[in-house]
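Per-entry structural report
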Amino acid sequence: GAEAPAVAAQPTGGGKTFQTLLVSTEDNITTIRLNRPDKKNAITVEMYNELIEALELAGKDDSVITVMTGNGDYYCSGNDLNNFTKIPEGGVEKMAKDAGELLRRYVKAYIDFPKPLIGVINGPAVGVSVTLLGLFDVVYATEKATFHTPFSQLGQSPEGCSSYLFPKMMGAAKASEVLLFNKKLSATQACELGLVSEVFPESSFQSEVWSRLKAYAKLPKNSLALSKQLIRGLEKEKLHAVNDAEVERLTERWLSDECMQAIMSFFQGKSKL
Amino acid sequence: GAEAPAVAAQPTGGGKTFQTLLVSTEDNITTIRLNRPDKKNAITVEMYNELIEALELAGKDDSVITVMTGNGDYYCSGNDLNNFTKIPEGGVEKMAKDAGELLRRYVKAYIDFPKPLIGVINGPAVGVSVTLLGLFDVVYATEKATFHTPFSQLGQSPEGCSSYLFPKMMGAAKASEVLLFNKKLSATQACELGLVSEVFPESSFQSEVWSRLKAYAKLPKNSLALSKQLIRGLEKEKLHAVNDAEVERLTERWLSDECMQAIMSFFQGKSKL
Amino acid sequence: GAEAPAVAAQPTGGGKTFQTLLVSTEDNITTIRLNRPDKKNAITVEMYNELIEALELAGKDDSVITVMTGNGDYYCSGNDLNNFTKIPEGGVEKMAKDAGELLRRYVKAYIDFPKPLIGVINGPAVGVSVTLLGLFDVVYATEKATFHTPFSQLGQSPEGCSSYLFPKMMGAAKASEVLLFNKKLSATQACELGLVSEVFPESSFQSEVWSRLKAYAKLPKNSLALSKQLIRGLEKEKLHAVNDAEVERLTERWLSDECMQAIMSFFQGKSKL
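What follows covers the overall build of chain A. Helices and strands together make up the secondary structure of chain A, namely ten helices and nine strands. The C-alpha radius of gyration of chain A comes to 18 Å, within 12% of the 19 Å expected for a compact globule of 273 residues. Taken across its 273 residues, chain A has 60% of its residues classed as buried. Counting 30 positive and 33 negative side-chain charges, chain A places the centres of these two groups 1 Å from one another.

Glancing now at helix 10 (residues 257-267) of chain C. By the burial criterion, the buried members of helix 10 of chain C are Glu258(C), Cys259(C), Ala262(C) and Ile263(C). End-on, the buried residues of helix 10 of chain C take up no more than an arc of 120°, which puts them together on one face. Seen from the open side of helix 10 of chain C, the exposed residues pointing more than 90 degrees away from its buried face are Asp257(C) and Gln261(C). In this structure, the buried residues of helix 10 of chain C make contact with helix 8 (221-233) of chain B together with helix 9 (236-254) of chain C. With its phi angle positive at about 70°, Gly269(C) sits one or two positions after the end of helix 10 of chain C.

Moving on, we come to the relation of the copies chain C and chain B. With an RMSD of 0.0 Å, the fit of chain C onto chain B corresponds to turning through 120° and sliding 0.0 Å along the axis. Expressed as a symmetry operation, the mapping of one chain copy onto the other fits a three-fold axis. Distance from the rotation axis, computed per C-alpha, reaches its smallest value in chain C at Lys168(C): 3.8 Å.

At the interface, 30 residues of chain C touch 32 residues of chain B. Counting the surface lost from both chain C and chain B, the interface buries some 2,400 Å², and carbon and sulfur atoms represent 63% of this. If you sort the residues of chain C by the area they bury against chain B, Leu180(C), Phe181(C) and Arg249(C) come out on top, with a joint share of 26%. The tally of links from chain C across to chain B stands at one salt bridge. The partner of Arg212(B) in a salt bridge is Glu177(C), with the nearest N and O atoms 3.6 Å apart. The interface formed by chain C and chain B contains ten residue pairs in polar contact (both at pLDDT 80 or more). When residues of the side of chain C that touches chain B are traced back to their parent elements, those giving at least two are helix 4 (162-170), helix 5 (172-179) and helix 9 of chain C. Tallied by class, the residues present in the side of chain C that touches chain B amount to twelve nonpolar, nine polar and nine charged.

Residues and elements named next belong to chain B. A sheet is described by the order of its strands in space; here six strands give the open sequence 1-2-3-4-6-9, paired in mixed fashion. With one partner strand each, in any of the chains shown, strand 1 (21-26) and strand 9 (198-200) form the two edges of the open sheet. Across the sheet, the mean angle separating the axes of adjacent strands is 20° when strand polarity is ignored. Sheet topology places strand 1 next to strand 2 (residues 29-34); six bridges connect them, and they run antiparallel. Each residue of the ladder has a partner; that of serine 24, found in strand 2, is threonine 31.

Before going further, it helps to spend a moment on the interface of chain B and chain A. At the junction of the two partners, chain B supplies 30 residues and chain A supplies 32 residues. When the two sides are added together, the surface that chain B and chain A hide from each other amounts to roughly 2,400 Å², 63% of it contributed by carbon and sulfur. Ranking the residues of chain B by area buried against chain A places Leu180(B), Phe181(B) and Arg249(B) at the top, with a combined share of 26%. Applying the counting criterion to the chain B and chain A interface returns one salt bridge.

This part takes up the relation of the copies chain B and chain A. Rotating chain B by 120° and translating it 0.0 Å along the rotation axis places it on chain A, where the RMSD comes to 0.0 Å. Of all interface residues in chain B, a mere 3% are interface residues in chain A too; the two copies therefore contact each other through different surfaces.

All told, the structure shown has zero disulfides over all chains when counted by the stated rule. Among the cysteines around Cys161(B), which has no disulfide bond, Cys76(B) carries the closest sulfur, lying 17 Å off. Accessibility expressed as a relative area gives 0% for Cys161(B), which makes it buried. Cysteine Cys259(C) is unpaired, with the sulfur of Cys76(C) as its nearest cysteine sulfur at 18 Å. Note on Cys259(C): relative accessible area 1%, which makes it buried.

Okay, the sheet that holds strand 1 (residues 21-26) of chain C next. Residue and element names in this part refer to chain C. Spatially, 1-2-3-4-6-9 is the arrangement adopted by the six strands of the open sheet, whose pairing is mixed. Among the strands making up the open sheet, the edge pair consists of strand 1 and strand 9 (198-200). Each strand axis lies, on average, 20° off the axis of its neighbour in the sheet, ignoring direction.

Once that is clear, we can look at a nonpolar patch on the surface. Residue and element names in this part refer to chain A. Judged by side-chain polarity, Leu255, Met260 and Met264 come together as a nonpolar surface patch covering roughly 250 Å² of accessible area. Tracing the chain through its elements places leucine 255 in the loop between helix 9 (236-254) and helix 10 (257-267). Since its relative accessible area comes to 34%, leucine 255 is described here as partly exposed.

This next bit is on the confidence of the model for chain A. All names here are of chain A. Of all residues in chain A, 93% have pLDDT values of 70 or greater, and the mean over the chain is 93. Within the model, the stretch residues 1-11 combines pLDDT values under 50 with 13 contacts to residues more than four positions away or in other chains. Of the two predicted TM-score estimates for the complex, the pTM is 0.93 and the ipTM is 0.93.

Moving on, we get to the side chain of Ser176(B). Following the sequence through the fold, Ser176(B) ends up in helix 5 (residues 172-179). Take Ser176(B): its relative accessible area is 3%, and that puts it in the buried class. At 3.1 Å, the side chain of Ser176(B) and the backbone oxygen of Asp137(A) are in polar contact.

Moving on, we come to the pairing of strand 2 of chain B. All names here are of chain B. Among the six residues that make up strand 2, six are buried, leaving the element largely enclosed by the rest of the structure. Burial along strand 2 is two-sided: Ile29, Thr31 and Arg33 and Thr30, Ile32 and Leu34, pointing in opposite directions, are all buried. Linking strand 1 to strand 2, which pair antiparallel, is a turn of two residues; within it aspartate 27 sits at a positive phi near 50°. Inspection of the sheet shows strand 2 paired to strand 3 (residues 65-70) by six bridges, in the parallel sense. Within the sheet, the bridge partner assigned to leucine 34 lies in strand 3 and is glycine 70. Taken together, strand 2, helix 1 (residues 45-60) and strand 3 constitute a β-α-β crossover, and its handedness is right-handed.

Moving on to the side chain of Thr20(A). All names here are of chain A. Structurally, threonine 20 is set in the segment before strand 1 (21-26). Here threonine 20 falls in the buried class, since its relative accessible area comes to 4%. Within the local environment of threonine 20, its side chain forms a polar contact with the side chain of glutamate 50, the two groups lying 2.7 Å apart. Setting aside its immediate chain neighbours within four residues, threonine 20 contacts Arg33, Leu34, Asn35, Arg36, Glu46, Met47 and Glu50.

The relative placement of two packed helices comes down to the angle between their axes together with the axis-to-axis distance. All names here are of chain C. Running from N to C, helix 4 and helix 5 cross one another at 135°; their axes reach a closest spacing of 7 Å. What the angle tells us is that helix 4 and helix 5 run oblique. Considering the relative orientation of helix 4 and helix 5, their crossing is right-handed. Every residue of helix 5 that contacts helix 4 at Ser162, Ser163, Phe166, Pro167 and Met170 is listed here: Ala172, Lys174, Ala175, Val178 and Leu179. Here the residues of the contact of helix 4 with helix 5 are counted per class, giving seven nonpolar, two polar and one charged.

Conventions and cut-offs
Residues numbered from 1 in each chain as written. Chains lettered and ligands numbered in written order. Predicted model: local features only at pLDDT ≥ 70, side-chain atom pairs only at ≥ 80, totals over all residues. Heavy atoms only, no water. Helix = DSSP H or I, 4+ residues; strand = E, 2+ residues; numbered from the N terminus. Rg over C-alpha atoms; globule rule 2.2 N^0.38 Å. Buried < 20%, exposed > 50% of the residue type's maximum accessible area, 1.4 Å probe, protein only. Lys, Arg positive; Asp, Glu negative; His and termini not counted. Charge placed at Lys NZ, Arg CZ, Asp CG, Glu CD. Arc of directions from axis to C-beta. Contact = heavy atoms within 4.5 Å. Least-squares fit on C-alpha atoms with pLDDT ≥ 70 in both. Buried area = accessible area lost by both parts, 1.4 Å probe. Salt bridge = Lys/Arg side-chain N within 4 Å of Asp/Glu carboxyl O. Polar contact = N/O pair within 3.5 Å; in protein donor to acceptor, adjacent residues only side chain to side chain. Nonpolar A, V, L, I, M, F, W, Y, C, P; charged D, E, K, R; others polar. Pairing = 2+ DSSP bridges. Axes fitted to C-alpha atoms, helices over the stretch in contact; angles between N-to-C directions. Disulfide = S-S within 2.5 Å. Patch = residues over 30% accessible without salt bridge, like charges linked within 9 Å, V, L, I, M, F, W, Y side chains within 5 Å. Areas by Shrake-Rupley, 256 points an atom, 1.4 Å probe, with all protein chains shown as cover. pLDDT = per-residue confidence, 0-100. Right-handed = clockwise from strand over helix to strand, strands pointing away. Parallel < 35°, antiparallel > 145°, perpendicular 65-115°, else oblique. Left-handed = near helix turned anticlockwise from the far one by under 90°.

This is the structure:
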């Protein structure tokens, strides 16, 4: 839609250019747009690092709210499993340790984000891009979005603070279907469970959401930032502890036979998520 | 309806008469009725103090349950903004400090309330009268009730323990629309989010609710009080800490330019909530 | 249905035979079936002890998931009130103390359960069999199931960690109707409140649920167990403290006049739950 920031070689915002993201600031809104549409916006190591930097810059700039969305049909297909195919000199132990540390810093950037963070979920979301939604302040989704966290299918375990925030939000009986048993949620289901604030028809999604966001961005900036920090501050320490525990568990998982075999099956086309 | 305690110069309860409230005890139910109907039951400094006292008395009397409701079309339009127009000798700093301390004591009275507290929401609710509902045990609402917390619009921040209880109850994605972005909820929406226990048609609201309350008031008194205290006791310490943090943040807000300008605009009719 | 483990004198699982339970292991699923159908699966002292033992064995066996369900029309009618009619030599104080300690150990077995625990709720559930569902990972219910916790009606107070988990799951306004005011929930209502994961038509309940459970049981075992332990570990300490507080309160209640009179009325047919 006309509301979406144009794809520009020169960003309108802080001037920083990224390889995997489109970042711009307009109307008091900084928009971080995942930009690997041909790869369904799967998150590479480079993209994790760029997202951490973009969030850091957005937290400090003059914008009132920050928006995260995806370019193309997908919002984000999650962790790029090719991240696990480049074994470094230190072997798989080194790979798992580095990946864990990167994930820890990535989730930390969301926990510590100091102003309202709004997700504009333009299509399917998978894995860490779903679990992190619990750390967003508002999440608007098109009706064609889906939410899928196939952790156990890949021999893995939940992250993004979802092991704490999902049961808190929807109760264990619904959270476990999602986090343990790979249940894929429609946008409407995700909204009923509290993961999504509101669902919009695809035809009017961009126009309805962006006109709402522009109104939000005219509200008193400090009032919004300080209110968000008040809400988040109450459980920040807890969230950091959860992040640490999740990363520790997941790092162990990455080195397990169950996980290695599941990922191998995935690449051999034997398993389908 | 016939069920509502009659407006009497002589209260049928403990004998205490209030200026801004109607308080009576009948059928093991103490009812506290906000009684400034021509001001939409906006809460003045006097009314805050009377509510604190009425809750203290109700907590100690022989009633089994306590009911809070409003006289007239509104349940409560929240903090009377005229509270901010009487600058005391100590200046605005003194005014903000006193207002903060009063709010802290007011919310504390709800956190510490020792028996079931039931809200009978007879019409629109605004601001602190909405946020405090998270500290009620049961909330029954007429279909014509609405729930609105325009904090950021007034340059302010959430109170009444809502910064903790609302995200806990409905998840951050829905709580932030309400607490940060001024979303007004219908009674049905508030019920879906867990803020309201059940919504009734306006035509039968009073009769249905009061027959239910009379049945509740026949249940074993100690079993109810001790069960409520068990539930509340688990997070009482946390709630007091949240109340303190919210009051501290709000007191700072009241002295900010953003807030002063927003309130001035409100009185000049430039802004509409 | 054909999916349910056959009733066999020789269990197919670990070989242990119980008086009040049918326990078997098949297709990586250990099923614990309450087996006092003529008493609506009311839990006697013997049954509490057998359930603790069955859970301990299931937690250690080779199965991937553990299922709890009921034999006959009821899932479970809760604590067998006849437990209160056999006064031991030490008098009612001794009886209350022993019953409290047994309950504490029983709830502890659920808090500490190390792999996914799934409830297959085949009919009405009452009392502790409802409150404990907050400690299950997934709960599937037939449409004819109901959920009822008439604690205050019997002069008692909530257990099974429900005083913490129910408000966390559904908000205080809905939890108090259930835990304080004896509201009986339909399966659909329980699902809306997050106590139940999904409701099925009675005609296809067993076949739909068991085909789903068999698929779950083929997922990587360690990934499931470690993910569940991650989720549960975050609040295990809290849950044990809640269990202790609830048992202490309930033990006092059992010795109160309110409770004794309420239970006497129940046996004299004067009160109906």
